[in-house]
Amino acid sequence: MAEPLRCVSRESVITGWDFSTGAVKCLAFDLQGNTLAEVRLPTDLWTEGGVSELNVLQLEGQARASVRALAAELRKQGRLKDWAAGGISATHHTAGRIDANHVQVRRAICWNDHTLATYQAQGLERLGGQERVRRLIGGPWAIRYTLSHLVKDEALLSSDDWQRTAKILPHGGLAAGFLTGNFDSISVSAAASTGIMDLRTKQWCRGMLEALEKPEHRELAWTQLPRIVDHYTALGPLSESLALEAGIDAQQRPLVFPTSDDQQAGLVGGGAVEAGQMAVILGNSAVVNSSSSQLPVTSDLDAMCLNWGPYLWMRCYNNGAGFLDHIVGTRPDWERLEQQARAIPPQAGGISVMPFLAPEPSLGVSAKHLQWFPREPADQGTRFRAALEALAYLIALGVRQHEEAGQKITRITVSGGIARSTLMCEILASMLGRPLERLQSAEGPALGAAVTALAALETHHRRQRGILTPFTVADAVRILVQFREPVTPNLEWQEFYRAGLREFERRARE
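### Side note on the pattern of salt bridges
At step 1: According to the stated counting rule, one finds 35 salt bridges in the structure shown.
At step 2: A salt bridge links E376 to R383; the shortest N-O distance between them is 2.6 Å.
At step 3: Linked by salt bridges that have partners in common, E3, R6, E458 and R462 make up one network.

### Here's the deal with the packing of aromatic side chains
At step 1: Across all of its chains, the model carries 7 aromatic pairs by this definition.
At step 2: Ring plane angle 55° and centroid distance 5.9 Å describe the contact between W334 and F384, whose orientation is recorded as tilted. Of this pair, W334 sits in helix α12 (residues 334-342) while F384 sits in helix α13 (residues 380-404), and the two are 50 residues apart along the sequence.
At step 3: On the accessibility criterion, W334 (38% relative accessible area) is partly exposed.
At step 4: One aromatic cluster is present, built from ring pairs that chain together F356, Y393, W493, Y497 and F504.
At step 5: Positioned above the aromatic ring of W162 is the side chain of R97, whose terminal nitrogen or guanidinium carbon lies 4.3 Å from the ring centre.
At step 6: Over the face of the ring belonging to W493 we find R385, whose NZ or CZ atom lies 4.4 Å from the ring centre.

### Observations regarding the packing of helix α2 (residues 116-127) against helix α4 (residues 146-156)
For any two helices packed against each other, one specifies the crossing angle of their axes together with the interaxial distance.
At step 1: Here α2 crosses α4 at 100°, and the two axes come no closer than 8 Å. As far as their axial angle goes, α4 and α2 are roughly perpendicular. Contact with α2, carried on its side by L116, Y119, Q120, Q122, G123 and R126, involves S148, H149, V151, K152, E154, A155 and L156 of α4 and no other residues of that element.
At step 2: A breakdown of the residues in the contact of α2 with α4 according to their chemical character gives 5 nonpolar, 5 polar and 3 charged.

### What to know about the sheet that holds strand β4 (residues 45-46)
At step 1: Spatially, the 5 strands line up as an open sheet ordered β4-β5-β8-β7-β9, and their pairing is antiparallel. The sheet is open, and its two borders are formed by β4 and β9 (167-170), each paired with just one other strand.
At step 2: Note: strand β7 (residues 95-98) against β9, 4 bridges, orientation antiparallel. Bridge pairing in β9 places R97 opposite I168.
At step 3: Helix α1 (residues 56-76) rests against β5 (53-54), β7 and β8 (104-109) of the sheet, and its axis sits at about 80° to β8.

### Section: unusual backbone geometry
Peptide bonds are, in most cases, trans, and in most cases residues other than glycine have a negative phi.
At step 1: The peptide bond linking F373 to P374 adopts the cis configuration, its omega dihedral lying at -10°.
At step 2: Of note, P374 is situated in the loop between β22 (369-373) and α13.
At step 3: Non-glycine residue H102 carries a positive phi angle of around 65°.
At step 4: Here H102 lies in the loop between β7 and β8.

### Points about the nonpolar core
At step 1: Within the largest apolar cluster, 86 residues are counted, with the highest numbers of intra-cluster contacts made by W83 and W141.
At step 2: In terms of residue count, α1 provides more of this core than any other element does, 7 residues in total.
At step 3: With sequence-adjacent residues up to four places away left out, W83 is seen in contact with V13, T15, W17, V67, L70, A71, L74, L238, I248, Q252 and P254.

### Thoughts on the side chain of E154
At step 1: By the secondary structure assignment, E154 is in helix α4.
At step 2: Polar contacts involving the side chain of E154 include one to the main-chain amide nitrogen of K214, which spans 2.8 Å.
At step 3: What E154 contacts, discounting residues up to four positions off in sequence, is R126, W162, L212, E213, K214 and H217.

Reading guide: rules and limits
- Residues numbered from 1 in each chain as written.
- Predicted model: local features only at pLDDT ≥ 70, side-chain atom pairs only at ≥ 80, totals over all residues.
- Heavy atoms only, no water.
- Salt bridge = Lys/Arg side-chain N within 4 Å of Asp/Glu carboxyl O.
- Phe/Tyr/Trp six-rings, centres within 6.5 Å; stacked < 30°, edge-to-face > 60°.
- Helix = DSSP H or I, 4+ residues; strand = E, 2+ residues; numbered from the N terminus.
- Buried < 20%, exposed > 50% of the residue type's maximum accessible area, 1.4 Å probe, protein only.
- Lys NZ or Arg CZ within 6 Å of the ring centre and 35° of its normal.
- Axes fitted to C-alpha atoms, helices over the stretch in contact; angles between N-to-C directions.
- Parallel < 35°, antiparallel > 145°, perpendicular 65-115°, else oblique.
- Contact = heavy atoms within 4.5 Å.
- Nonpolar A, V, L, I, M, F, W, Y, C, P; charged D, E, K, R; others polar.
- Pairing = 2+ DSSP bridges.
- Core = buried A, V, L, I, M, F, W, Y, C linked by side-chain atoms within 4.5 Å.
- Polar contact = N/O pair within 3.5 Å; in protein donor to acceptor, adjacent residues only side chain to side chain.

Okay, structure coming up:
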């Protein structure tokens, strides 16, 4: 039975920030799960030369501007005084460096920086390979993890910049610092995205810094890491200067709680917080996440920790909404496309596409591979259906990897912008042979950030009042996460997609 709120007022407004490499969103929710207000801001990345980097000064502006804009929206509704707390979701594995004045030392290196593979290989050789990594931290070190950034820094960052760095912080920790002034703390979830935290003890593992060649760099990195904190402990209220800018009463500043990486937030926003529950997030990247009480038995999946205890298993694909935009354009008539594509038979009437606009290391795709078979179609309906099917094949392979790693799947939820397509959900359900639970909100990470903030706020107040009964993230999910009718498999399509998946996998591995 769900534990009810005892301390948080039912009039409270909880916000969730989603700092991604595509945009920044801040959504305000009431305690019925309704979206009261939202703010969306653009993100500009540096991509020349195969890198993917975010200016930390831009991030500071996004954080502060989002508060001003959201406060204005809540003020119009007479709800600003109800804003009680906020949680943050931010792109996993993205990390930057700041000095003692919180000024950028270098831009934040993002998860999809395609130059990182070489540096991770160098670091792995110094460590003695993935088997030693698993002994050190309990799971794998993937290319995109923050530790790869530090190996790259050793090759490209000046000695002066190593010395003047005060903190190495993930994306969410930086955003939280600009919101509250506290740059000293990050959550277990964020630390697990670095490749430097022991997933079993939830403490930094100094041995992983042997991936760096120079002892002086290992020592500096060790002192520049933030402390890992309980996610129920507030980082602090919005800073006084930010509250003043936004016209928020200094005595009623919302509390901000330690951040989620976007994979944890997407999992929570999908309601998948208990072992065996899986959340598929169809956003800029296509992601298959699940909760588990144990680490995976294979090294085929990324493994991280959830803030509240269990492990997060992840298969993250570089190719998602960006691939779809490339195929049908960024501003098509989605309703018309959906109608046209539904009229096309499964397997797009014999047309298929390899969807690798970016490399996909988990499938051995090391370079762009965008190819149509047997030819590129002209009509948009066929193009759209083939593109949806290609993304669904990727997800199906990810689900299979979870099962092969020991996961017993009890439920699958789906969220993200592409999940707005009922056809996409029906294709995926048919491919998996399972019903899919769809969220009312398409903003899984922002909703997940708000859910964790609600759990933390209630727990924070219970601790202050000496109430020992726990209030969990699962309890908060039952309050904020709302579902639509599930999407069931189309039995007539299943045989087509079994054959299509075999052919897709063969071509991807050629």
